[in-house]
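These are the residues of each chain, in order.
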Amino acid sequence: MTAPIINGKQVSEEIRGSLRGEVERLAKQGFKPGLAVVLVGEDPASQVYVRNKEKACQDLGYYSEVHRLPASTSQEDLLALVDKLNRQENIHGILVQLPLPGHIDEKSVIDAIAVEKDVDGFHPVNVGNLVIGDDSLLPCTPAGVIELIKRTGIEMAGKHAVVIGRSNIVGKPVSLLLQREHATVTMCHSKTANMKEITKQADILVVAIGRANFVDASYVKPGAVVIDVGMNRLDNGKLAGDVDFESVKEVSGPITPVPGGVGPMTITMLMQNTLLAAKRLN
Ligand code: GUN
């Protein structure tokens, strides 16, 4: 039997609907959440992401500023802009699009963003709060993954969740959030031996390894929830996830497609974080 497809686009629209309602209520009190996005250079994928963030702000009624800076921008000038945005009262969320050009130290830039405006959840203080379990701004893609699992109605507590990938942006934070939901978590990565033996035990499998169609049906326990965080551009220009969707959906439980699964959730969670940051700052 073919598995149910988790429709990230639809879930994302539902969440955006409630955000829109709340922003309309706040607007009547003369208040607007504000997001600043900073893009340095002309990376084509980054340009698309930034445009989509700008559109989401317009669509939901947020105030937004997009700062498009040349690739030659110095670190000093970028830090000066971040400092200005940190102090700007109509800005509640700051996102510096990554990757940055090679001459700029990403860590210094992330560290410079005010903790309470770090809507990416990348600042070390927010990462530390995530580890401790304190209330923090959660990184957007991992938060989107958890939201999609919740919407399947499948309980995470007591389940064995396996995460493939250990990046700072997805693998590590997702594993912490799954633990917070009381799952028993195992992490696998490119150096893991006998990976299939581990993934075949997973009730919930989250894949973020960055290799097209890496996980096929032989990795998956029948009925397992499969969340594919991969976004790989193939030579033919098509987008592929880290999961071989066609084969895996024949054995898995609920599964996310690519595109239309985790992808649409990331910007929606960014919008949710910006509203949360705005309410906390106001
Ligand atoms: N580049 C790719 N994904 C992201 C993200 O989630 N945040 C930022 N700041 N840059 C990115």
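Just so it is clear, the structure is predicted and the values come from calculations on it, not from any experiment.

The rules behind these values
- Residues numbered from 1 in each chain as written.
- Predicted model: local features only at pLDDT ≥ 70, side-chain atom pairs only at ≥ 80, totals over all residues.
- Helix = DSSP H or I, 4+ residues; strand = E, 2+ residues; numbered from the N terminus.
- Buried ≥ 20, exposed ≤ 12 C-beta atoms within 10 Å, placed from the backbone.
- Contact = placed C-beta atoms within 7 Å.
- Near = placed C-beta within 6 Å.
- Nonpolar A, V, L, I, M, F, W, Y, C, P; charged D, E, K, R; others polar.
- UniProt positions renumbered as here; feature names shortened; annotations may be inferred.
- Domains from an automatic or database assignment.
- Pairing = 2+ DSSP bridges.
- Axes fitted to C-alpha atoms, helices over the stretch in contact; angles between N-to-C directions.
- Right-handed = clockwise from strand over helix to strand, strands pointing away.

Engineer: Sorry if this is basic, but what is going on with the overall build of the protein chain here?
Structural biologist: If you tally the helices and strands in the protein chain, you get ten helices and nine strands. On the principal axes, the C-alpha backbone points of the protein chain span a range of 50 × 45 × 40 Å. Taken over 282 residues, the protein chain has a buried fraction of 43%. Restricting the contact set of the protein chain to residue pairs at least 6 apart, pairs at least 24 apart contribute 69%.

Engineer: Would you take a moment to explain the site of the ligand for this structure?
Structural biologist: The local shell around the ligand consists of L95, V96, Q97, L98, D120 and C140. For the shell around the ligand, the residue count by class is four nonpolar, one polar and one charged.

Engineer: Mind showing me how you'd approach the UniProt feature "domain: Tetrahydrofolate dehydrogenase/cyclohydrolase NAD(P)-binding" (unreviewed entry) in the protein chain here?
Structural biologist: Per the UniProt record, the feature "domain: Tetrahydrofolate dehydrogenase/cyclohydrolase NAD(P)-binding" (unreviewed entry) sits at residues 139-280. For the annotated span residues 139-280, helix accounts for 35% and strand for 15% of the residues, and the straight-line distance between the end C-alpha atoms is 17 Å.

Engineer: Please explain the domain arrangement of the protein chain as it appears in this structure.
Structural biologist: Where interface size is quoted, it is often the accessible area lost as the parts come together. With domains assigned, the protein chain is organised as domain 1 (30-114) and domain 2 (140-263). Its C-alpha centre places domain 1 at a distance of 29 Å from the equivalent point of domain 2.

Engineer: Looking at this structure, how should I read unusual backbone geometry?
Structural biologist: What is expected of a backbone is that most residues other than glycine have negative phi and most peptide bonds are trans. The residue after L98, namely P99, is reached through a cis peptide bond having omega 0°. On the secondary structure map, P99 appears in the loop between β3 (93-96) and α4 (106-112). In the segment running from V258 into P259, the intervening peptide bond is cis, with an omega of 0°. Summarising the element assignment, P259 is placed in the loop between α9 (245-248) and α10 (263-281). A positive phi angle is found at H182, which is not glycine, with a value near 70°. Structurally, the position occupied by H182 is in the loop between α7 (171-180) and β5 (184-188). Owing to 11 C-beta atoms within 10 Å, H182 belongs among the exposed residues under this scheme.

Engineer: In this structure, what is going on with the sheet that holds β5? I would like to understand it.
Structural biologist: Strand pairs in the sheet, formed through backbone hydrogen bonds, run parallel or antiparallel to each other. Spatial ordering of the open sheet is given by β5-β4-β6-β7, a layout of four strands whose pairing is parallel. Single-partner strands in this sheet number two, and they are β5 and β7 (225-228). With strand direction ignored, the average angle separating the axes of adjacent strands in the sheet is 15°. Bridge count between strand β4 (residues 160-164) and strand β6 (residues 204-207): four bridges; the pairing is parallel. Residue pairing across strands places A161 opposite I204, the latter belonging to β6. In the packing of helix α6 (residues 140-151) onto the sheet, contacts are made with β6 and β7, and the angle to β7 comes to roughly 150°. Contacts between α7 and the sheet are confined to β4, β5 and β6, with β5 contributing the most and set at about 165° to the helix.

Engineer: Is there a simple way to think about the pairing of β5 in this case?
Structural biologist: For a regular strand, the rule is simple: side chains alternate between the two faces of the sheet. Bridge analysis of β4 against β5 gives five bridges, and the strand direction is parallel. Across the sheet, the residue bridging to I164 is C188, located in β5. Regarding topology, α7 serves as the crossover connection from β4 to the parallel β5, and that connection is right-handed.

Engineer: Would you mind going over the UniProt feature "domain: Tetrahydrofolate dehydrogenase/cyclohydrolase catalytic" (unreviewed entry) in the protein chain with me for this structure?
Structural biologist: UniProt marks residues 6-120 with the feature "domain: Tetrahydrofolate dehydrogenase/cyclohydrolase catalytic" (unreviewed entry), using the numbering shown here. When the span residues 6-120 is considered, its composition is 50% helix and 16% strand, and the gap between its end C-alpha atoms is 24 Å.

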